[in-house]
Structure formats: C-alpha cells, structure tokens
Amino acid sequence: MDWSKRHRGYDMSAAEWIALVPNELAIDAVGLWQVIPVGRHEFELVDEDLEEFTKQALNSLLTKGAIPVTGQDQRWVAEQQYGTKPEEIIENVVKKWLSKGMRDPDVGDVWFATADFLGN
C-alpha cells in the first residue's frame, strides 16, 4: 500500500486521510459507506490496497473510541455482532464486506460512533 498516494480532489495523502477521518466522530457517526468509496474512487485503490486502507481507517476510528453501531428508530444502537476487541471488530467487518464482493457499502451497513451518540 502506497500511503503517500494523493486524494483526487484534495491535497492529502491516504495516510493523512486515515489520520483525519476520526475527527468526524465529534459530531456524528462514520459509516462504512463513507470510508470504502473514498479509498476506491478518490485514492483509486483496488483489491489488497483497498482492503488495507479500509482496515486502517477502521483502526483509526476504533482507536478514537468508536464502536460499531446501526441506526434503529432514529437513534444509534451498539452492534455486538462484530465483537468487542478492535482487531476482532476490524476482522469481522472486513470479512463481511469481502463476502459481499467488495461492493461499495450503503447507508444501511455498519457505522462507527462513540458512546456519546448511543441512544441519540
């Protein structure tokens, strides 16, 4: 993975984008549907590079205290199916995404939020 690869629309590297993505957690959840298309379309990543980009983005979110969530009745609810440890969550989220043929996720797929947003 070439972490210095540049975003097509902004002057930032893939590594810089990964470092910045958790900033959104202060105001809202971050959906998998927001992460993967950036890697695929803005950084033009494919196959193993797209998978590694996704894993690193998820690690960045989890390191900042995010957990997997889904929207239910207009609020965020913790999603337990992916596990509890960061490595386990990353592995299970990516495994599920890969099982769907690496398609771009949609808004109904998993999101990541801090505990501050649970039940909101």
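Nothing here was measured: the structure is a model prediction, and the numbers come from that model. (Residues numbered from 1 in each chain as written. Predicted model: local features only at pLDDT ≥ 70, side-chain atom pairs only at ≥ 80, totals over all residues. Heavy atoms only, no water.)

**Let's talk about the nonpolar core**
Stage number 1. Grouped together as the largest cluster of nonpolar side chains are 29 residues, with contacts concentrated most on Trp-17, Phe-43, Phe-53, Leu-58, Leu-61, Val-93 and Phe-112.
Stage number 2. Counting residues per element, the ones that place at least two in this core are α1 (14-20), α2 (32-42), α3 (47-63) and α4 (86-99).
Stage number 3. Broken down by element, the residue count for this core peaks at six residues, all from α3.
Stage number 4. With residues up to four places along the chain from it excluded, the contact list for Val-93 reads Leu-32, Leu-58, Tyr-82, Val-110 and Phe-112.
Stage number 5. Residues Trp-76, Trp-111, Ala-113 and Phe-117 belong to the second largest nonpolar core, which totals six residues. (Core = buried A, V, L, I, M, F, W, Y, C linked by side-chain atoms within 4.5 Å. Buried < 20%, exposed > 50% of the residue type's maximum accessible area, 1.4 Å probe, protein only. Helix = DSSP H or I, 4+ residues; strand = E, 2+ residues; numbered from the N terminus. Contact = heavy atoms within 4.5 Å.)

**So, the side chain of Thr-114**
Stage number 1. Within the secondary structure, Thr-114 sits in the segment after β4 (111-113).
Stage number 2. On the accessibility criterion, Thr-114 (12% relative accessible area) is buried.
Stage number 3. Excluding residues within four positions of it along the chain, Thr-114 makes contact with Leu-25, Lys-64, Gly-65 and Ala-66.

**What to know about the sheet that holds β4**
Stage number 1. Overall, antiparallel pairing links the four strands, which are arranged β1-β4-β2-β3 in an open sheet. A strand with exactly one partner marks an edge of an open sheet, and here the two such strands are β1 (30-31) and β3 (75-78).
Stage number 2. Bridging between strand β2 (residues 67-72) and β3 involves four bridges; their strand directions are antiparallel. By the bridge assignment for β3, Thr-70 is matched with Val-77. (Pairing = 2+ DSSP bridges.)

**Some points on the pattern of salt bridges**
Stage number 1. Applying the stated criterion across every chain, the model contains seven salt bridges.
Stage number 2. For Arg-6, the salt bridge is made with Asp-11, and the minimal N-O distance between the two is 2.7 Å.
Stage number 3. The partly exposed category is assigned to Arg-6, whose relative accessible area is 40%.
Stage number 4. A residue is classified by how much of its surface remains accessible, and Asp-11, at 70% relative accessible area, is exposed.
Stage number 5. Across the salt bridge formed by Asp-109 and Lys-100, the nearest N and O atoms sit 3.4 Å from each other.
Stage number 6. Classification of Asp-109 by relative accessible area gives buried; the value is 15%.
Stage number 7. Taken together, the salt bridges that share partners define one network made up of Arg-6, Asp-11 and Glu-16. (Salt bridge = Lys/Arg side-chain N within 4 Å of Asp/Glu carboxyl O.)

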